[in-house]
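Descriptive analysis of the structure
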Amino acid sequence: MPFKTYDRWLLTTALLLMGFGTLMIYSSTAVLTPAKEKSISEFHYFTNHLFTMMVSFAMMYAAYRLRPETLRKLAVPLLVLSLALLLLVFVPGMGVTAGKAKRWLRLWPSTFQPSELVKLAMVIFLARFMSGQGYRADRFYCFAVPVSVMLMFQCIFLLQPDFGSTMTLGVLTLSMLYISGIRMRYLLVLLALAVPVVIKLLQEPYRLARITAFLNPWENARGSGFQLVQSFIALGSGGLTGVGLGNSRQKLSFLPEVHTDFIFSMVGEELGFITASAVVALFAFMFLRGILIADRNRNTGEMFVYYLAFGLSMMIAIQALVNFFVVTGLAPTKGLPLPFISYGGSSLLVNMTAVGILLNLSRDGQEKKPQAVDRFKEAMRKKKARRAVYGEGI
Amino acid sequence: MNKRAVILSTIIAFGFVLVLVRLADIMLLNHERLSRAARLQQVVSRDIEVARGTIYDRRGRELAVNVETESLYCEPKNMDAPGKAAAMISKLTAIEHKTLLKTFSSGRGFTWIRRKLDPDVAGHIKRLELEGIGFKTELQRFYPEGRLMSHVVGLVGIDNQPLEAVELRYDDTLRKPGGMVMVLRDASGMQISEGMDTQARGNSIVLTVDSGLQYIVEEELQEAMLKWNASNAVAVMMNPYTGEILAMSNRPTYDPNSPAESSSQMRRNGAVADLYEPGSTFKLVMAAAAIEAGAVRPEDRFDCSKGSIKVGKWTIKDSHRQGVLSFKEVVQKSSNVGTIMIGLELGRNKMVRQAENFGFGEKTGIDLPGEAKGWITRESPSEVATASLSIGYGVAVTPLQVLRAYSAIANGGVLVTPHVVSEIRTPEGYPMIELKPDAGKRAVSAKTAAALKEILMAVTEQDGTAFEAAVDGNRVAGKTGTAVMRDGNSGGYSKGKYASSFVGFVPAEDPKMALIVVIYDPKGGYYGGLVAAPVFKNIAEKSLAYLNVPRDDSVEQNILTVRAEGSRQ
């Protein structure tokens, strides 16, 4: 399916999700924020988000204008940059600690979460690496390099600690290696080796508590299961049509992190199953558009573009799925935002950049530029035809 | 696409489908159950706080109203300078600095510091603009008349919970229960929506009490208390035809505006709750029983010249030695000897029955809480018991019961139901319910009542026991009582402690009021005629003037006033 310019469906979907997200961010923060912190108005989060959105549009447009070739050249520097930023988090005065985790970089007037950028950089890097001249899917070397890079980032994530990003990056990297045709043997051995590591990590008491809470949240509804139970209650009380926009009661401190990680629960409560499943469908649709872009480029033999498009689609889809899984109790609780909808600048910025890249890749190569002249001629022809029928009065 | 990409895409697609299925499971299949769980944690039910209705006296004067007051609270977790705040508030409210500091440094949430603060102090604290200190407007019950009528109106506690008298008895009316409101709360339990309906007001109550008469009664009773250094005192004024309580006063009394300073002893309404042995005022029962039975006529004579009578192993004396007395004089001079002679002749049963007809031994049915019903001794009908009963011992009565019995004589023989509330009005002031207790049963025949009235009028004549009760210008019918008080602990009689009383009605021929005065343990005199009768007289004179009751000898009595029809418009 060739596009005249770029994939308008993809852009529409992204804009729909983002607009919807803005509305939900306002709904989730307007009521309680001023009550909790006197110095903050009900529009505090909303206006912050609008600012991030402007920056994100700029980033999306920049990414859209960037030629894939440039992107390919930027792959390694981008990876190094994201690594540097990630390490800066640990520099005293630069990093911001929230809870027990050091995940954010002080960036006046806001903060930035380098782990989001790492995902994007990793996808671009993998696309470049796997589409390279020397890439042989059956060679161990070609497997070892990306895995080493991945493990390095994962180790840093775990130091923060950020288990969610660790897992997401792992799934993303291995998925891309998988489609590049890497030997199943390598993947299986790696997974086998990962098992004891994961078990060791899970022995961290708070992670273990999350697992048990996930397995049986109602057992300890006031303790470790609280978040999940509250999410269930929010979704469940929404029913088919919801309690009405802005009428969520679960956002009154019952739902944890209602404007970020658990915003989808509030969507379900306020707008019901119909809207919630529409949001899920939009993400699925976005993924579909993404792999269609990838597929078209594979057929033209542009492997970098193919891997890149596939990787970026995967990146958005995996993040969305993990968030859905967590709020619906299909996966243990992890602090990951829902792309385009959750409040959080870094996530929106990175995902909009990804959409920008995908939109760029959706343009049918460079040979089919939009033919403005032709379209003008067409319009004139139609106008003449109308006049012939209705006369000058129109 | 290669095979692996298809597999991976399918897995992702499957993931989305899984999410949809899971959403349908949670949101549609478990909707009912989870909604219930949601309501359970989000909504709490609270009683609607209704502003209490106003209490008026019979002339429409406000006796209990609501005023908005400020209550001071703190939220220690939001406080930035607990030390400074504690010092300043301590200075203004006179709460101990240490106590405040402890509260302020506790890091807790909402905590009251002082409820219903003085407006001046509240203003001062407000101007300090301290962090973590706040005010909440609350309705406070205010009694404009203060101590006046406190035993009738009653009072409420700090949370406006009813504690005494009309406030307690008519709480449902005054609060007009608004039911429950569902109140939203957040996870920390903070209330989100306001539960109080500020428009909700209870019904108003109009009392039968006249604060003008009440003032007269209170003043005279207070004077008697001081004069006789009495332990307690009670005075009740009632309309003898309707049972409307016109005034009801007790000593000691209390100020309902400062509930903390009153003890339960002070709040006790002795007129309905305190039992005493009436003594001579109870001779009415003997007299009524005798006349009803046709056993005596007023002219019948009894020889009381011995001055004492021996009953069983007891000898009962008269306070003053009398000669041969007519029946009327026995009552007039309150001769114990004569009374016992008649009583023994009548027999115990007739007197007990008459006492019960007068309503002794049962509650009067007054609409005030805590009424005692009293008792008549049920011991073996020995001569001693019969003799005791005839002169008012061996029974326990409330002042109100005695007043009711005498009211029956005043109104021609019917027992009325005393009551203090005449009307319930809507919050807007429209009449809603008029409370008119049914006319009670007959205590004595009209003829007997007339005869007894004649005898009781003699009591306040020059040679009666209560000339002191005679009112200038109007005839008074009544009876003195002087009874030895029982010792609260031993149950025996205590030497030198008397309950002096006078009960009667005025004007005797056309009674406007029945009044009882009981003074407990007066010092320096104890005869009812000496201690209680003057109080009766003073109250009666002032009250008759207040009510514009003409003198019996007034010339206007004989002038027929005719209002011209036309002049009405």
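Scoring rules and cut-offs
- Residue numbers run consecutively from 1 along every chain, following the written order of its sequence.
- All chains are assigned letters beginning with A, and all ligands numbers beginning with 1, in the order in which they are written.
- Given that this is a predicted model, residues contribute local features only at a pLDDT of at least 70 and side-chain atom pairs are listed and counted only at 80 or more, while totals for whole chains, interfaces and linings are drawn from all residues.
- Side-chain metrics rest on all non-hydrogen atoms present in the structure, leaving aside hydrogens and water.
- Secondary structure elements follow DSSP: runs of H or I of four or more residues count as helices, runs of E of two or more count as strands, with numbering from the N terminus.
- Categorising residues by exposure relies on relative accessible area from a 1.4 Å probe, with only protein chains included: less than 20% of the type maximum marks a residue as buried, more than 50% marks it as exposed, and the intermediate range marks it as partly exposed.
- Using a 1.4 Å probe, the Shrake-Rupley method yields the accessible areas, and only the shown protein chains count as cover for residues.
- In this description, contact between two residues means that some pair of their heavy atoms is separated by no more than 4.5 Å.
- Two strands qualify as a pair provided that DSSP identifies no fewer than 2 bridges between them.
- Only C-alpha atoms enter the line fits that serve as axes; for helices the fit covers just the stretch in contact. Angles between N-to-C directions range over 0 to 180 degrees.
- Any Phe, Tyr or Trp ring, taking Trp's six-membered ring, that has another such ring centre within 6.5 Å forms a pair; planes under 30 degrees apart are called stacked, those over 60 apart edge-to-face, and the others tilted.
- By definition, pLDDT measures how confident the predictor is in each residue, and it falls between 0 and 100.
- Polar contact is the term for a pair of N or O atoms within 3.5 Å; when the atoms are in protein, one must be able to donate a hydrogen and the other to accept it, and sequence-neighboring residues count only if both atoms are side-chain atoms.
- Reported buried area values correspond to the accessible surface (1.4 Å probe) lost by two parts on association, with both partners' losses combined.
- Salt bridge, as applied in this entry: a Lys or Arg side-chain nitrogen positioned within 4 Å of an Asp or Glu carboxyl oxygen.
- Residue polarity follows a fixed list, in which Ala, Val, Leu, Ile, Met, Phe, Trp, Tyr, Cys and Pro are nonpolar, Asp, Glu, Lys and Arg are charged, and the others, Gly among them, are polar.
- When an angle is under 35 degrees it counts as roughly parallel; over 145 it counts as roughly antiparallel; between 65 and 115 it counts as roughly perpendicular; any other value is oblique.
- Put simply, a crossing is left-handed when the front helix is turned counterclockwise from the back one by less than a right angle, and right-handed when it is turned clockwise.
- Two joining distances apply to patches: 9 Å for like charges and 5 Å for nonpolar side chains (Val, Leu, Ile, Met, Phe, Trp, Tyr), and every residue must have over 30% relative accessible area and no salt bridge.
- Charge counting follows a simple rule: Lys and Arg are positive, Asp and Glu are negative, and His as well as the terminal groups are ignored.
- Charged side chains are reduced to one point each, which is NZ for Lys, CZ for Arg, CG for Asp and CD for Glu.
- Given a helix with a known number of residues, its expected span is that number minus one, times 1.5 Å.

Here we come to the overall build of chain A. If you tally the helices and strands in chain A, you get 14 helices and three strands. Looking at chain A as a whole, 52% of its 394 residues are labelled buried. With the model as given, the accessible surface of chain A reaches about 18,100 Å², and the carbon-plus-sulfur share is 65%.

We now examine the overall build of chain B. Each helix and strand counted, chain B has 19 helices and 20 strands in total. Contacts spanning at least 24 positions in sequence make up 72% of the contacts within chain B whose residues lie at least 6 apart. If you sum the accessible surface of chain B, you get close to 26,400 Å²; carbon and sulfur atoms cover 51% of it.

What follows deals with the sheet that holds strand β18 (residues 477-486) of chain B. Residues and elements named next belong to chain B. In space, the five strands of this open sheet follow the order β9-β8-β20-β19-β18, with antiparallel pairing throughout. Two strands bound the open sheet, and with one partner strand each, they are β9 (245-251) and β18. The sheet shows a mean angle of 10° between the axes of neighbouring strands, taken without regard to direction. Relative to strand β19 (residues 493-506), β18 is paired through nine bridges, and the arrangement is antiparallel. By the bridge assignment for β19, Ala477 is matched with Phe505. Seen against the sheet, helix α9 (residues 211-228) touches β8 (232-238), β9 and β20 (513-520) and runs at an angle of roughly 25° to β9. Packing against the sheet, helix α19 (residues 528-546) makes contact with β8, β18, β19 and β20, and its axis sits at approximately 30° to β19.

Let us now look at the packing of aromatic side chains. Note on aromatic pairs: each is described by the distance of the centres and the angle between the planes. Residue and element names in this part refer to chain A. Within this structure, the stated rule accounts for 24 aromatic pairs over all chains. Ring geometry for Trp218 against Phe232: centres 6.5 Å apart, planes inclined by 15°, an arrangement best described as stacked. A residue pair is termed long-range when its members are at least 10 positions apart, and Trp218 in the loop between α9 (205-215) and α10 (226-238) and Phe232 in helix α10 qualify at 14 residues. Ring geometry for Tyr306 and Tyr307: centres 5.3 Å apart, planes at 45°, overall tilted.

Right, let's get into the confidence of the model for chain B. All names here are of chain B. Of the residues in chain B, 91% reach a pLDDT of 70 or more, and the chain-wide mean stands at 83. Across residues 565-569, where pLDDT falls below 50, the model places one contact with residues more than four positions away in sequence or in other chains. Per the prediction output, this complex has pTM 0.58; the corresponding ipTM is 0.89.

Here we come to the pairing of strand β16 (residues 421-425) of chain B. All names here are of chain B. Counting buried residues in β16 gives four out of five residues, a clear majority hidden from the surface. Here β16 pairs with strand β17 (residues 431-434) via three bridges, running antiparallel. Following the sheet pairing, Glu423 is matched in β17 by Glu434. Where β16 hands over to β17, the hairpin turn is made up of five residues, of which Gly429 adopts a positive phi near 100°.

To continue, consider the side chain of A:Asp162. Residues and elements named next belong to chain A. Inspection of the secondary structure puts Asp162 in the loop between α6 (140-159) and α7 (163-179). By relative accessible area, Asp162 is classed as buried at 2%. Polar contacts involving the side chain of Asp162 include one to the side chain of Ser165, which spans 2.7 Å. Those residues in contact with Asp162 that sit more than four places away from it in its chain are Arg103, Gln113, Ser115 and Phe157.

Our focus in this paragraph is the interface of chain A and chain B. If you look at the interface, chain A gives 47 residues, while chain B gives 34 residues. Note on chain A versus chain B: buried area summed over both sides is about 3,600 Å², and carbon and sulfur give 74% of it. Counting across the chain A and chain B interface gives zero salt bridges. Between the two partners, chain A and chain B, sit eight residue pairs in polar contact (both at pLDDT 80 or more). If you list the elements that add at least two residues to the side of chain A that touches chain B, you get α7, α10, α11 (263-299) and α12 (303-327) of chain A. The dominant element in the side of chain A that touches chain B, judged by the number of residues it contributes, is α11(A), at 14 residues. Class assignment of the residues belonging to the side of chain A that touches chain B gives a composition of 28 nonpolar, 14 polar and five charged.

This part covers the packing of helix α12 (residues 283-293) of chain B against helix α18 (residues 446-459) of chain B. Between two packed helices, both the angle of their axes relative to each other and the distance between the axes serve to describe the pair. All names here are of chain B. Contact pair α12 / α18: the axes reach a minimum separation of 10 Å and the direction vectors enclose 135°. In this view, α12 runs oblique relative to α18, as classed from their interaxial angle. Remark: the crossing between α12 and α18 carries right-handed chirality. Contacts from Leu284, Ala287, Ala288, Ile291 and Glu292 of α12 reach α18 at Thr448, Ala451, Leu452, Ile455 and Leu456. Of the residues contributing to the contact of α12 with α18, the split by class is eight nonpolar, one polar and one charged.

A surface patch of positive charge is lined by A:Arg249, B:Arg33, B:Arg36 and B:Arg39. Within the secondary structure layout, B:Arg39 lies in helix α2 (residues 31-42). A relative accessible area of 48% means that B:Arg39 is categorised as partly exposed.

With that settled, consider the pattern of salt bridges. All names here are of chain B. All chains considered together, the criterion is met by 24 salt bridges over all chains. Taking the shortest distance from any N to any O, the salt bridge between Arg61 and Asp57 comes out at 3.2 Å. Across the pair Glu219 and Lys542 runs a salt bridge, and its minimum N-O distance is 3.9 Å. On the criterion of sequence distance, the pair formed by Glu219 in helix α9 and Lys542 in helix α19 is long-range, its members being 323 residues apart. Residue Lys542 is classed as partly exposed on the basis of its relative accessible area, which comes to 38%. Through salt bridges with shared partners, a single ionic network connects Arg52, Arg141, Glu167, Asp171 and Arg175.

Turning next to the packing of α7(A) against helix α1 (residues 3-29) of chain B. Interhelical geometry of α7(A) versus α1(B) gives an angle of 145° and a closest axis separation of 8 Å. Judged by residue contacts, A:Ser175, A:Tyr178 and A:Ile179 of α7(A) engage B:Arg4, B:Ala5, B:Ile7 and B:Leu8 from α1(B). Along the lines of polarity and charge, the residues of the contact of α7(A) with α1(B) split into five nonpolar, one polar and one charged.

The end-to-end C-alpha distance of helix α5 (residues 114-130) of chain A, which contains 17 residues, comes to 24 Å, matching closely the 24 Å that a straight helix rising 1.5 Å per residue would cover. Counted residue by residue, α5(A) has 16 buried out of 17 residues, so it is predominantly covered.

Bringing α12(B) into the picture now. The α-helix winds at 3.6 residues per turn, so residues separated by three or four positions along the chain end up facing the same way. With nine of 11 residues buried, α12(B) is to be regarded as a mostly interior element. Note on α12(B): the residue one or two positions beyond its end, B:Gly294, has a positive phi of about 75°.

Let us now look at the confidence of the model for chain A. The predicted structure's coordinates, where accompanied by low pLDDT, should not be read in detail. Across chain A, the average pLDDT comes to 85, with 91% of residues at or above 70. Per-residue pLDDT stays below 50 along residues 366-370 of chain A; that stretch engages in three contacts with residues further than four places along the chain or on separate chains.

All names here are of chain B. Relative to the assigned elements, Ala443 resides in the loop between β17 and α18. You can call Ala443 buried: its relative accessible area is 3%. Those residues in contact with Ala443 that sit more than four places away from it in its chain are Glu292, Gln354, Asn357, Phe358, Ala408, Gly413, Val414 and Leu415.

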